[in-house]
Amino acid sequence: MNIMDFNVKKLAADAGTFLSRAVQFTEEKLGQAEKTELDAHLENLLSKAECTKLWTEKIMKQTEVLLQPNPINIFLDARIEEFVYEKLDRKAPSRMNNPELLGQYMIDAGNEFGPGTAYGNALIKCGETQKRIGTADRELIQTSAINFLTPLRNFIEGDYKTITKERKLLQNKRLDLDAAKTRLKKAKVAEARAAQLNTSQPEENNIMVNVSYVLNLLHVKWLKIWAEEVTKSEQEVRITQSEFDRQAEITRLLLEGISSTHAHHLRCLNDFVEAQMTYYAQCYQYMLDLQKQLGSFPSTFLSNNNQSSSTPVQSVSTPSVLASASASLPSVSNSIVTSGISELKSSSGSRKARVLYDYDAANSSELSLLADEVITVYSIPGMDSDWLMGERGNQKGKVPITYLELLN
């Protein structure tokens, strides 16, 4: 029963405090009550904390979108999969990311088309590169999550929540202080009015005078009551002022830690930039190696085509342009073509050559080719054995031998 009485009293006291704060806050908004202003330094710290929180949230969310597009759907799928495997008492397998999935599709397609074909071999090489890029992407996400996103999230969910809690307490202490100041002001005004009353005993002895004297005695008691109220209000102001100052100091110390937070986030940002730099350097090297591998495919493609043209059944991977070229020159063997190129390289003359299929120049030193066009080719000293110089009107540049058929 005593516990229940205590709870009721505490609830009533809390309700009274809440109501007092609400009245004070409303009167401040209406301009009917004075407001204790925070010092300029504390206001600047509060503004800096809010700004830090706002931009940290934006940077964190956009970084998550950059590292993992459409994270909501992926997260939901992953959570469902984890729930199913948890119910089955089994460990969930690692999920492929987008580059790894693309790479696996390319590898499967290349094996289906045939690793011995140019297109199948190229698909396998591209698939392997995409899977390496996927591995690098996974490492970037993991490193960025640990070194960059986690510290930002810890600030939002930890430090700033503490700051918000203490700031709310500071606001309540300020409202309590202002409410106490308002009560003290009202008590002093009432005391001043009571002090102006005439408390001298009248000389005339009539009823009205006696009534007036009784009223004056009541006013004296009222004066004493308000004097006690002033004393009580002054004590309350001192207590609330002390609590407000203490809470302001606690809040100030927390807010001054924002500078340390900025320094920590700067180190995390450097780690994030370094992780990105490593990732993009790896991707560039992977694609450079892939480009070199794909640049060697035309010779393989032509050898596959020659092998297929010597068999009674035409290979599916042989292009129609090359097949028609082989049919129009049935007497030209591979050895004759090779010997013709060797003679051209050993001499200083030029020959006409027909382009077997399209070729896109990789750089400005090379010449782009169109299938079935005829160009002039010749060799220059020191040139790679797989290349010749080609001319088409005023245009010239290196062309791959495997894309050409020398004409008599």
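Not measured: the values here are computed from a predicted model.

As for helix 2 (residues 40–67)
With 28 residues, helix 2 should cover 40 Å at 1.5 Å per step; its first-to-last C-alpha distance of 40 Å lies within 8% of that length. The complete set of buried residues in helix 2 reads Leu42, Leu45, Leu46, Ala49, Thr52, Thr56, Met60, Thr63 and Leu67. Where helix 2 begins, the side chain of Asp39 points an oxygen toward the backbone nitrogen of His41, at a separation of 3.2 Å.

Focus on helix 4 (residues 98–113)
With 16 residues, helix 4 extends 23 Å between its outermost C-alpha atoms, agreeing within 8% with the 22 Å of an ideal straight helix rising 1.5 Å per residue. Those residues of helix 4 not exposed but buried are Pro99, Glu100, Gly103, Ile107 and Gly110. Buried residues of helix 4 fall within an arc of 95° about the axis and therefore sit on the same side. The exposed residues of helix 4 that point more than 90 degrees off its buried face are Asn98, Tyr105 and Glu112. Capping the start of helix 4, Asn97 holds a side-chain oxygen 3.0 Å from the backbone nitrogen of Glu100, two or three residues further along. Gly114 sits one or two residues past helix 4 and shows a positive phi near 115°.

Some thoughts on the confidence of the model for the protein
Where the model shows low pLDDT, its predicted coordinates should not be examined in detail. When pLDDT is averaged across the protein, the result is 78; 69% of the residues are at 70 or more. For the stretch residues 72–76, pLDDT sits under 50, and the model shows two contacts to residues farther than four places along the chain or on other chains. Here residues 299–337 scores under 50 on pLDDT; set against residues more than four positions off or in separate chains, the count is 34 contacts.

Overview of the packing of aromatic side chains
Tallied over the full model, the rule gives seven aromatic pairs. Judged by centre distance (5.4 Å) and plane angle (20°), the ring pair of Phe113 and Tyr119 falls under stacked. On the numbers, 6.1 Å between centres and 55° between planes, the contact of Phe155 with Tyr160 is tilted. The residues Phe155 and Tyr160 share a single accessibility class, namely buried. An aromatic cluster of at least three residues, connected via ring pairs, comprises Tyr357, Tyr359, Trp387 and Tyr403. Above the plane of the ring of Trp55 lies Lys58, whose end atom (NZ or CZ) is 4.6 Å from the centre.

So, how was this worked out
- Residues numbered from 1 in each chain as written.
- Predicted model: local features only at pLDDT ≥ 70, side-chain atom pairs only at ≥ 80, totals over all residues.
- Heavy atoms only, no water.
- Helix = DSSP H or I, 4+ residues; strand = E, 2+ residues; numbered from the N terminus.
- Expected span 1.5 Å × (residues − 1).
- Buried < 20%, exposed > 50% of the residue type's maximum accessible area, 1.4 Å probe, protein only.
- Polar contact = N/O pair within 3.5 Å; in protein donor to acceptor, adjacent residues only side chain to side chain.
- Arc of directions from axis to C-beta.
- pLDDT = per-residue confidence, 0-100.
- Contact = heavy atoms within 4.5 Å.
- Phe/Tyr/Trp six-rings, centres within 6.5 Å; stacked < 30°, edge-to-face > 60°.
- Lys NZ or Arg CZ within 6 Å of the ring centre and 35° of its normal.

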